[in-house]
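A look at the structure
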Amino acid sequence: MASSAGCVIVWSCQDVLEDRHWLTEAYVLFATPYFAYDIYAMFLCYWHGLQVKGHEEGQVGGVVGSKRAAVAGYLCREKLMVLHHVFMVAFCFPVSLLWRRGRGDYFQGVLFLAELSTPCVCLTKVLIQYKQQHTLLHRVNGVLMLLLFFLCRVLLFPFLYVSYSRHACVPLHLVPLLAPWQCNLGAALLWPLQLYWFTLICRGAVRGQRSPAET
């Protein structure tokens, strides 16, 4: 849904700074509660996994103690994802609706396109859950995930700066000096996270290729 909204916005904005589309702010208002809910939903999945597998974190100290231990374990395990979601709500939401002052809908639409890789990431987790790591579907999905994640997340932030450079007719190395500080801060915090996740995906792909050969 986010990528569909992004496509509509990007295709509709000829001027990357001044053109506007109603879907930009509407989708931000629609999507922001998702990040808050997803933190809770991920914890429920983690908590259910502890109960099913009978991990010690779900048994010590009774119901209250077990949930406290589960929360601590969940935050430790998913700290980057939780920080990402908190950042999206606490920083990106006000930037998108208030600090932009109605400019840059095109760039907001490009950011929505990052979600093109999400279905492949989710399908990978589902296939692993059902122990289908060695199927053709898992391999094809893995290739698509690598490609889409690299194009839509790793290259996304450089593309934003290149687009602004072309629009403003300034050298690329001067764009960080001209762009709003909120944009630079957001890119500085989110891009390394995408690079880290892409590294993890690449490592997983390498391990997946080695394990059949070793067996």
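We now examine the confidence of the model for the protein chain. For the protein chain, the mean per-residue pLDDT works out to 86, and 91% of the residues sit at or above 70. Under a pLDDT of 50 for its full length, residues 55-64 has, in the predicted model, 12 contacts with residues more than four places off or in other chains.

It is worth spelling out the side chain of His-85 at this point. Turning to its location among the elements, His-85 is positioned in helix α4 (residues 79-99). When neighbours within four sequence positions are excluded, His-85 is seen to be in contact with Phe-35, Asp-38, Ile-39 and Met-42.

Next up on the list: the packing of helix α6 (residues 118-129) against helix α7 (residues 136-154). In contact at an axis separation of 8 Å, α6 and α7 are set at 150° when each is read in the N-to-C sense. Considering how the two elements wind past one another, α6 and α7 form a crossing that is left-handed. On α7, the residues that touch Thr-118, Cys-120, Val-121, Leu-123, Thr-124, Leu-127 and Ile-128 of α6 are Leu-137, His-138, Asn-141, Leu-144, Met-145, Leu-148 and Arg-153. Considered class by class, the residues forming the contact of α6 with α7 number nine nonpolar, four polar and one charged.

Before going further, it helps to spend a moment on the packing of aromatic side chains. One pass over the full model with this rule turns up 12 aromatic pairs. An angle of 70° between the planes, with centres 5.9 Å apart, marks the rings of Phe-91 and Trp-99 as edge-to-face. Under the relative-accessibility criterion, Phe-91 is labelled buried at 12%. Under the relative-accessibility criterion, Trp-99 is labelled partly exposed at 41%. Both rings, one in Tyr-106 and one in Phe-107, keep their centres 5.6 Å apart while their planes meet at 80°; by these two values the pair is edge-to-face. Given a relative accessible area of 11%, Tyr-106 falls into the buried group. Among the aromatic residues, ring-to-ring pairing joins Phe-87, Phe-91, Trp-99 and Trp-181 into one connected group.

Once that is clear, we can look at unusual backbone geometry. Despite not being glycine, Arg-101 has its phi angle at roughly 55°, a positive value. Examined against the element boundaries, Arg-101 turns out to sit in the loop between α4 and α5 (105-112). Phi at Lys-131 is positive, roughly 55°, even though this residue is not glycine. Tracing the backbone shows Lys-131 in the loop between α6 and α7.

About the thresholds
Residues numbered from 1 in each chain as written. Predicted model: local features only at pLDDT ≥ 70, side-chain atom pairs only at ≥ 80, totals over all residues. Heavy atoms only, no water. pLDDT = per-residue confidence, 0-100. Contact = heavy atoms within 4.5 Å. Helix = DSSP H or I, 4+ residues; strand = E, 2+ residues; numbered from the N terminus. Axes fitted to C-alpha atoms, helices over the stretch in contact; angles between N-to-C directions. Left-handed = near helix turned anticlockwise from the far one by under 90°. Nonpolar A, V, L, I, M, F, W, Y, C, P; charged D, E, K, R; others polar. Phe/Tyr/Trp six-rings, centres within 6.5 Å; stacked < 30°, edge-to-face > 60°. Buried < 20%, exposed > 50% of the residue type's maximum accessible area, 1.4 Å probe, protein only.

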